[in-house]
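Structure at a glance
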Amino acid sequence: MKVIEPQTISGDRLVSTNAVADDILPYDPATTYQPGVDGAEGDRAVEGTEIYEAVAEVTGVLPSVGEQQEPKKWVLVSSLNQWAMFNGVIGDATESSEPLPVHEGAGIQAVIRPGRVVNALALFGIEGANAVRVEVLSGGEVVYDTTRSLRSTVGINSYYAWFFEPIEREADAVFTNLPSYNADIRITITATTDTAKCGLCVVGRMRQLGLTQWGVSTGIMSFSRRVRDDFGRIRLLKRDNAKLASFDVSVDGNRSNALARYLAKYDSTPLVWIGAEQYEPMLIYGFYEDYRLVYTHLAFHECTIDIVGLT
């Protein structure tokens with residue numbers, strides 16, 4: 001079991017990106033913003049890196065303030081396209097079909113500067129892409145360069161499956177062997193034929209908590225709605241879902257105190273949880289809901305950690 005402690009990417013830590021900026025003006029305190037009528041969108045404005053929409057006629061109220069008022073005057077819609085993959089929300093994606101500034105092809109390419117020593121990177125909610133490339137740049141030179149194909153070969157165990165089964169692509173990827181440098185990182189997500197999307201990029205320091213035991217249970221929490229009318233017909237409203245998992249972790253006896261302190265420190269804090277890198281359901285961005293530490297033996301202890309993913 002490994003975890004990645006996220007490092008915030010904001011301000012000048014996003015060195016460059018080829019994602020096209022949203023065509024929305026910054027908030028102007030002298031402008032009167034109008035709400036939408038009959039399902040139409042209301043006026044929108046940008047504050048910082050966030051896009052807000054007016055839900056009432058409003059003048060001179062900062063969007064971040066109006067969102068907290070009752071009744072609300074503003075609602076948060078999303079982050080700007082360039083920043084969406086760094087805002088901690090998987091469902092709010094950065095997308096691009098622009099040519100890559102470096103390397104061939106089109107898709108998303110961003111250079112980030114974490115500002116501290118990091119050794120791991122995770123990407124979630126990838127769509128419309130066939131490969132992810134991560135490079136670490138130090139002093140203008142590439143000191144790490146790894147490309148990972150997103151084409152899944154799980155279940156391809158015959159010639160028929162190879163030629164005729166639909167191509168499936170992984171949505172999440174982790175890189176846990178970055179050199180421990182305080183350096184720039186270039187992330188390249190190559191689009192298949194259309195637009196590449198990335199819901200979340202997390203970079204940070206990785207920590208080993210223990211050894212994941214077999215018997216892990218995984219699943220999802222669905223936020224879709226299923227409404228049955230008076231005639232028994234069901235209407236489905238598709239929404240996001242969040243990963244769930246329960247991990248059994250074996251910990252050296254002399255490390256259990258450190259594990260308990262670590263989990264207490266990161267209570268209700270989103271982390272990247274890696275149960276096993278080869279199994280996508282065991283890659284989760286979220287928080288632990290509960291943990292139970294059982295002292296089964298002097299040499300080793302057992303810990304059950306229940307994880308709730310974020311959308």
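The structure this text deals with has already been given above.
In short, a report on the structure. What you see is a predicted model, and the numbers here were worked out from it, not measured in a lab. (Residues numbered from 1 in each chain as written. Predicted model: local features only at pLDDT ≥ 70, side-chain atom pairs only at ≥ 80, totals over all residues. Heavy atoms only, no water.)

1. Re the overall build of the chain
- The number of helices and strands found in the chain is 3 helices and 24 strands.
- Seen through its C-alpha atoms, the chain measures out along the principal axes to roughly 65 × 55 × 50 Å.
- When burial is assessed residue by residue, the chain has 41% of its 311 residues classed as buried.
- Of the contacts made within the chain by residues no fewer than 6 positions apart, 66% connect residues no fewer than 24 positions apart. (Helix = DSSP H or I, 4+ residues; strand = E, 2+ residues; numbered from the N terminus. Buried < 20%, exposed > 50% of the residue type's maximum accessible area, 1.4 Å probe, protein only. Contact = heavy atoms within 4.5 Å.)

2. Brief notes about the packing of aromatic side chains
- In the structure shown here, the tally under the stated rule is 8 aromatic pairs.
- Relative to Trp-74, the ring of Tyr-33 lies with its centre 5.0 Å away and its plane at 65 degrees, an arrangement referred to as edge-to-face. In this pair, Tyr-33 is assigned in strand β3 (residues 32–33) and Trp-74 in strand β7 (residues 74–79), connecting sequence segments 41 residues apart. Accessibility classification places Tyr-33 together with Trp-74 in one group, the buried group.
- A cation sits over an aromatic face here: Arg-148 above Phe-175, 4.7 Å from the ring centre. (Phe/Tyr/Trp six-rings, centres within 6.5 Å; stacked < 30°, edge-to-face > 60°. Lys NZ or Arg CZ within 6 Å of the ring centre and 35° of its normal.)

3. Let's talk about the pairing of strand β20 (residues 234–237)
- Sheet topology places strand β19 (residues 225–228) next to β20; 4 bridges connect them, and they run antiparallel. Paired with Arg-226 across the two strands is Leu-236, which belongs to β20.
- The antiparallel pairing of β19 with β20 creates a hairpin that spans 5 residues between the two strands, and Gly-232 there sits at a positive phi of about 85 degrees. (Pairing = 2+ DSSP bridges.)

4. A closer look at the nonpolar core
- Formed by 33 residues in total, the largest nonpolar core has its most connected members in Leu-121, Leu-123, Ile-185 and Ile-189.
- If you list the elements that add at least two residues to this core, you get β9 (107–112), β10 (120–124), β11 (129–138), β13 (173–175), β14 (184–191), β15 (196–198) and β16 (200–208).
- Aside from chain neighbours lying at most four places away, what touches Leu-121 is Ile-4, Val-134, Ala-173, Val-174, Phe-175, Leu-178, Ile-185, Ile-187, Cys-201, Val-202 and Val-203. (Core = buried A, V, L, I, M, F, W, Y, C linked by side-chain atoms within 4.5 Å.)

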